[in-house]
Amino acid sequence: MAKDKTVFVCSECGGISPKWLGKCPHCHAWNTLVESAPESTAPTKNRFASLAKTAELAILGDIDAVDMARIPTGHDELDRVLGGGMVEGGVVLIGGDPGIGKSTLLLQALDSLQRSGQNTLYVTGEESGAQVALRARRLGLDNSQVRVLAEIGLEKILATLESTRPDIAVIDSIQTVYSEQLTSAPGSVAQVRECAAHLTRAAKASGVCIVLVGHVTKEGALAGPRVLEHMVDTVLYFEGDTHSSFRLVRAIKNRFGAVNEIGVFAMTEKGLKGVSNPSAIFLSQHAEPVPGSCVMVTLEGTRPMLVEIQALVDSGGPSPRRLSVGLDKDRLAMLLAVLHRHAGVACMDQDVFVNAVGGVRISEPAADLAVLLSITSSLRGKPLPKGFFAFGEVGLAGEVRPAPRGQERLKEAAKLGFSVAVVPKANLPKNLQSKDFEGLTIHAVERVEQAMEIVRDLAY
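Residues numbered from 1 in each chain as written. Predicted model: local features only at pLDDT ≥ 70, side-chain atom pairs only at ≥ 80, totals over all residues. Heavy atoms only, no water.

**Student:** What's the story with the pattern of salt bridges in this structure? I'm lost.
**Tutor:** Oppositely charged side chains can pair when the atoms bearing their charge come close. Under the definition given, this model contains 20 salt bridges. A salt bridge links R303 to E77, with the nearest nitrogen and oxygen atoms 3.0 Å apart. Placement of the pair is R303 in strand β16 (residues 303-315) and E77 in helix α1 (residues 76-82), with a sequence separation of 226 residues. Residue R135 pairs with E127 through a salt bridge whose shortest N-O separation is 3.0 Å. Under the relative-accessibility criterion, R135 is labelled buried at 12%. (Salt bridge = Lys/Arg side-chain N within 4 Å of Asp/Glu carboxyl O. Helix = DSSP H or I, 4+ residues; strand = E, 2+ residues; numbered from the N terminus. Buried < 20%, exposed > 50% of the residue type's maximum accessible area, 1.4 Å probe, protein only.)

**Student:** So what exactly am I meant to see when it comes to helix α10 (residues 448-458) here?
**Tutor:** Residue pairs spaced three or four apart in an α-helix point in one direction, given the helix's 3.6 residues per turn. When we look at burial in α10, the residues that qualify are V448, A451, M452 and V455. Angular distribution of buried residues about the axis of α10 spans 100°; they occupy a single face of the element. (Arc of directions from axis to C-beta.)

**Student:** Help me understand the packing of aromatic side chains in this model?
**Tutor:** Ring pairs (aromatic) are described by centroid distance and by the angle formed between their planes. Going through the model one piece at a time under the given rule, you end up with two aromatic pairs. Between F389 and F391, the ring centres sit 6.5 Å apart and the planes meet at 20°, which makes this aromatic pair stacked. Classification of F389 by relative accessible area gives buried; the value is 0%. Geometrically, the ring pair formed by F389 and F418 is edge-to-face, given 6.0 Å between the ring centres and 85° between the ring planes. One end of the pair, F389, is in strand β19 (residues 388-390); the other, F418, is in the loop between α9 (406-415) and β22 (420-424), and 29 residues separate them in sequence. (Phe/Tyr/Trp six-rings, centres within 6.5 Å; stacked < 30°, edge-to-face > 60°.)

**Student:** Any chance you could explain the nonpolar core here in plain terms?
**Tutor:** For soluble globular proteins, the rule of thumb is that nonpolar side chains tend to be buried together. By size, the foremost hydrophobic cluster in this structure holds 46 residues, and its most contacted members are I309, V354, I362, L373, I375 and F388. Considering each element in turn, this core owes the most residues, six residues, to helix α8 (residues 368-380). What F388 contacts, discounting residues up to four positions off in sequence, is C294, V295, L373, F418, V420, V422, V455 and L458. If you look at the next biggest cluster of nonpolar residues, it comprises 31 residues, including M86, V146, C209 and F238. (Core = buried A, V, L, I, M, F, W, Y, C linked by side-chain atoms within 4.5 Å. Contact = heavy atoms within 4.5 Å.)

**Student:** Where do I start with the pairing of strand β18 (residues 350-356) in this structure?
**Tutor:** It is a general feature of regular strands that their side chains alternate between the two faces of the sheet. Of all seven residues that make up β18, five are buried, and the element is covered over most of its length. Pairing of strand β17 (residues 322-325) with β18 involves four bridges; the strand directions are parallel. Residue S324 lies in a different strand from β18, and its bridge partner there is V354. This β-α-β element, β17 to helix α7 (residues 329-343) to β18, shows left-handed connectivity. (Pairing = 2+ DSSP bridges. Right-handed = clockwise from strand over helix to strand, strands pointing away.)

Below is the structure:
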């Protein structure tokens, strides 16, 4: 059977060329022509015609808003990131570094779903069926009834989805799948976009939940066109160092739940296990308080987590270094200027190193106050009190701004036994006598110098 003719479309102007050229003949842009299957003039022969749904014009207020039914995966941390579980007809894209645990987690989830009565399918394009079976034995998934298909042809995968009608299907990975309608190699921009579009439309038409595994680039972003992220309903990223036993799964897009929600897993001999109390892995266990350490409460999606911020201030040379791990280095330079101008603490001739313990990345400005207090503690060589924590955004004028959902942060710290807090005045709870804040002494501040004065009185 002859392959369909392909054309090359300019990504800048949309111009069409019958063959690949270095420069677009229409807009003269370089290296913008991408292979694509041509649109057919006959609507019945369009390659998406069989998957396109027809709908009548409706008024938004008259449409019944029905909550999507969730299918629990059997892993609480994964369900948290997904917004409660898998959704019928939903498409999930999950990416991460090689060897970080994507295939392991999905195989475990499919086995749990299959044991709960769901019809599952695992399509592997990178491994053989024997390799998948070997991994399952290693994970202790004995006598698993998950159906496995070793295939990279899109048309055969779609035919299998049509004939077996699974509830959940995993495609591992989308970069290995190719369509016969295109002549380019698997993993190219055209193939990834075309295959993802077909699988997404198949999921919406049949109601099967499809999970696509994606590769990542050297910079850590998902490989392939950005349109891939727009097509799917949920985008998850695996984070963490392969040398560490802990993994973070973060939702950066979710049409059925909260974004920036994270799930914490520990890699064990039997696969990935959820961590119910993630704050424990981000806090160092010091027998006694040490200088340069301050605990803060950060928000990851809807979950408050306690993270230890460590700072080391040491005498530097003529060009002092400013280095931060897990925090924005530009923000560190700004905070040092605020500390000097408004609190009178100078670090101009000092090397300043700041680290968020446990490999977590903190992007919210609520860490500002904890960073300043840890730097001051290290500079003076005096530890902060035992059970102390702080959070709040610091402005250039020296003011301490409130952090979102401050009461939830305070409740989480009180639940874990922390006793002293320095927080923005706007985050001070109205009902301090509540049982949620029992045993917690809260100092509310409006400016950086007030926070420094309170900590100076509290320090050993």
